[in-house]
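Here are the chains, one letter per residue:
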Amino acid sequence: MIKKIDLTVKKICEQPIVKKIHKRREASRENILQVSMKLFYDVGYEKTTARQIAQRSGILIGSLYNIFPSKEEIFKAIIMDAYDNVLDESEGILKERGDYFSAIVFPGALELYAASRSKRAAELLYQAHKSWNIVESLAERSREWISSHFSDDMIPEVEIYHRN
C-alpha cells in the first residue's frame, strides 16, 4: 500500500504543472533571501520587518509566510546557505593541503575576519549567535561535516559534542 502511494506521489510530482510550481516557488525563495540579506545588511535584522521583505520581493505577506514561517527562518536560511559555502571552502582546504586543522578552524576564523571588517557583519553574526535555533543548526551541520571527514574514533560522542 505504501509503495503504491509513493508511486502516485512521484507521478504527481513529475507532472509539468507541479514542476513549474516548484520552480516558481524556488525562484521566490531565492528572491526573498536576496532581498532579505540586503535589507538585513542595510537596515539591520531587528529593524527589518517581514512586510518590508514581502514588498521588496514583490510578493504578498501571506506568500512570504507560506515559504518562510518567520523572519528568523529567513535569517536562518541565509546563515545556513552562507555556512554551507564556507564548508565548501573548508573542503577545498582539506583537499588541496590535507590540513585538517585549517579546514576545521576556517569557518570560525572567517566569521572573526568578517566581524572585524564590518560593523554590520558583526551585528548580523551576533544576532545569528543569539538565536538558539540558528546555533543548533550550525552545530548540527558542523557535526555532519566533521563526521564525513574524520573516522569515528576521532570524533567525540554526539552527546558530548552537542553539549559543548
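Residues numbered from 1 in each chain as written. Predicted model: local features only at pLDDT ≥ 70, side-chain atom pairs only at ≥ 80, totals over all residues. Heavy atoms only, no water.

Chemist: Please give an account of the pattern of salt bridges that cites residues and values.
Modeler: For the coordinates displayed, the defined rule picks out six salt bridges. Here Arg 141 ties to Asp 84 by a salt bridge, and the two come within 2.8 Å at their closest N and O atoms. Here Arg 141, found in helix α8 (residues 132–149), pairs with Asp 84, found in helix α5 (residues 71–97); they are 57 residues apart in sequence, far enough to count as distant. The residue Arg 120 makes a salt bridge to Glu 123 at a minimum N-O spacing of 2.8 Å. Taken together, the positions of Arg 120 and Glu 123, both in helix α7 (residues 119–130) and three residues apart, correspond to about one turn of that helix. A residue is classified by how much of its surface remains accessible, and Arg 120, at 22% relative accessible area, is partly exposed. (Salt bridge = Lys/Arg side-chain N within 4 Å of Asp/Glu carboxyl O. Helix = DSSP H or I, 4+ residues; strand = E, 2+ residues; numbered from the N terminus. Buried < 20%, exposed > 50% of the residue type's maximum accessible area, 1.4 Å probe, protein only.)

Chemist: Which residues make up helix α3 (residues 50–57), and what values do they have?
Modeler: All of the buried residues in α3 are Ala 50, Ile 53, Ala 54 and Ser 57. All buried residues of α3 fall inside an arc of 95° around its axis, so they share one side. Facing away from the buried side of α3 by over 90 degrees, the exposed positions are Arg 51, Gln 55 and Arg 56. Note on α3: the residue one or two positions beyond its end, Gly 58, has a positive phi of about 75°. (Arc of directions from axis to C-beta.)

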